[in-house]
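Each chain is listed here by its residues.
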Amino acid sequence: MRTVGYLGPQGTYCEEVVLQLYNKNEASLKPFAGIDAVIRAVALGEVDECIVPVENSLEGSVNITLDTIAHDVALYITKEVVLPVRHNLLAKKDSQEIAAILSHPQALAQCRKTLAILYPQAKLKPVESTAEAARIVAASDGLFAAVGSLQAGDIYGLTVLAADIQDNQANSTRFIGLEQQPAINLTGKSKTTLVCQINGERPGSLCNILQEFANRDVNLSRIESRPARTGLGMYIFFFDIEGSMTESNIAAAVSAVEAKCLWYKNFGSYPILYVAK
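Colleague: Before we move on, could you go through the pairing of strand β5 (residues 76–84) and cite the residues and values that matter?
Modeller: Extensive coverage of β5 is indicated by the burial of seven of its nine residues. Bridge count between β5 and strand β11 (residues 172–179): eight bridges; the pairing is antiparallel. Bridged to Val-81 within β11 is Phe-175.

Here it is, written out as structure tokens:
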């Protein structure tokens, strides 16, 4: 039985994705306190795979995920899962005055406008995960509330003060699966992800990279820059490519890009999955 790590504790959206992907007899689930910790657990062989968030439709990229896979480990992306996210404001029964609202920073940001209307005086306090927020609130004196899932509310015995509090009803999060070996036998819709560093002192360097994709009719679904950690003003670039390395034009474009980079990493090609709420 494979072991799958996820951002814990029990009741996170990460766990929800894992439960959608695997039956109880297919995988043993192992929660971790932080996103970087669960990613490193795969690299160290403590778990076979991990599921972590990488991007939200309202708040953008999850930087700790991007930075960890770029700089700290040598892993492949083996799947992408898109989950519609419905946030709820959770509290202990009969809670009236709410002094602080806890959750993962991304979840708080996804509900920023709604929370300002519901509880304008409450302080927003970031914690490691939505489920950790629910756990803390369940053990508190009743002055705290958490932003999290209905499942987290059930697990920690909390009531729903307000449902569907995300600022946009189209709120969705992309999660990725990470493993030590690349995905094989791809079928259906797929992506390929690269990260590289280019010579930013040379005019047109990024344009030259992008031209390699354009010349071969390769579509990019996302470009993201992050600090290269080699000096102020130095950046690395993530590229999400529609399609897989089995397609000749994509393979040729990726090879040409690699030749022009100061540093390069290919996370492989992987399928795109969708789960229903």
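Next, the rest of the story.
Colleague: Can you explain unusual backbone geometry? Please cite residues and give values.
Modeller: Omega for the bond connecting Gly-8 with Pro-9 falls within 30 degrees of zero, at 0 degrees, which places this linkage in the cis form. Along the chain, the position of Pro-9 falls in the loop between β1 (2–7) and α1 (13–21). Not every positive phi belongs to a glycine, and Asp-217 is a case in point at roughly 55 degrees. As for its position among the elements, Asp-217 is in the loop between α8 (205–214) and β13 (220–227). Taking the relative accessible area as the measure of exposure, Asp-217 reaches 71% and is therefore exposed.

Colleague: Which residues make up the sheet that holds strand β7 (residues 100–103), and what values go with them?
Modeller: Two strands in a sheet stick together by hydrogen bonds in their backbones, pointing the same way (parallel) or opposite ways (antiparallel). Strand order in the open sheet formed by five strands is β8-β7-β9-β6-β10, and the pairing between neighbours is mixed. For this open sheet the edge positions go to β8 (123–126) and β10 (159–163), each flanked by a neighbour on one side alone. Sheet twist, expressed as the mean angle between neighbouring strand axes with direction ignored, is 30 degrees. Note that strand β6 (residues 88–91) and β10 share four bridges and pair antiparallel.

Colleague: Go over the packing of helix α2 (residues 35–43) against helix α3 (residues 63–71) with me, naming the residues and quoting the values.
Modeller: Packing of α2 against α3 brings their axes to within 9 Å, and their N-to-C directions diverge by 30 degrees. Relative to α3, the element α2 lies roughly parallel. You can see that α2 and α3 cross each other, and the crossing is right-handed. Contacts from Ile-35, Asp-36 and Ile-39 in α2 reach Ile-64, Thr-65, Thr-68 and Ile-69 in α3. Residues belonging to the contact of α2 with α3 are distributed by class as follows: four nonpolar, two polar and one charged.

Colleague: Kindly report on the nonpolar core, identifying the contributing residues and their values.
Modeller: If you look at the biggest cluster of nonpolar residues, it comprises 40 residues, and the most contacted ones within it are Ile-39, Val-52, Leu-178 and Phe-238. The element that contributes the greatest number of residues to this core is α2, accounting for five residues. The contacts of Ile-39, once residues within four sequence positions are left out, are Cys-50, Val-52, Thr-65, Thr-68, Ile-69, Val-73, Leu-75 and Leu-178. Core analysis: the second largest hydrophobic core is formed by 14 residues, Cys-196, Phe-237, Ile-241 and Val-254 among them.

Colleague: Help me get a handle on the pattern of salt bridges, residues and values and all.
Modeller: Inspection of the entire model under this criterion finds 18 salt bridges. The partner of Arg-229 in a salt bridge is Asp-67, and the shortest N-O contact between them spans 3.9 Å. Here the residue Arg-229 occupies a position in the loop between β13 and β14 (235–242), and Asp-67 occupies one in helix α3, the gap between them amounting to 162 residues. Of the charged contacts, one joins Asp-240 and Arg-174 as a salt bridge, the two residues approaching to 3.5 Å between their closest N and O atoms. Note that Asp-240 is positioned in strand β14 and Arg-174 in strand β11, a separation of 66 residues in sequence. Here Arg-174 falls in the buried class, since its relative accessible area comes to 11%.

So, how was this worked out
Residues numbered from 1 in each chain as written. Predicted model: local features only at pLDDT ≥ 70, side-chain atom pairs only at ≥ 80, totals over all residues. Heavy atoms only, no water. Buried < 20%, exposed > 50% of the residue type's maximum accessible area, 1.4 Å probe, protein only. Helix = DSSP H or I, 4+ residues; strand = E, 2+ residues; numbered from the N terminus. Pairing = 2+ DSSP bridges. Axes fitted to C-alpha atoms, helices over the stretch in contact; angles between N-to-C directions. Parallel < 35°, antiparallel > 145°, perpendicular 65-115°, else oblique. Left-handed = near helix turned anticlockwise from the far one by under 90°. Contact = heavy atoms within 4.5 Å. Nonpolar A, V, L, I, M, F, W, Y, C, P; charged D, E, K, R; others polar. Core = buried A, V, L, I, M, F, W, Y, C linked by side-chain atoms within 4.5 Å. Salt bridge = Lys/Arg side-chain N within 4 Å of Asp/Glu carboxyl O.

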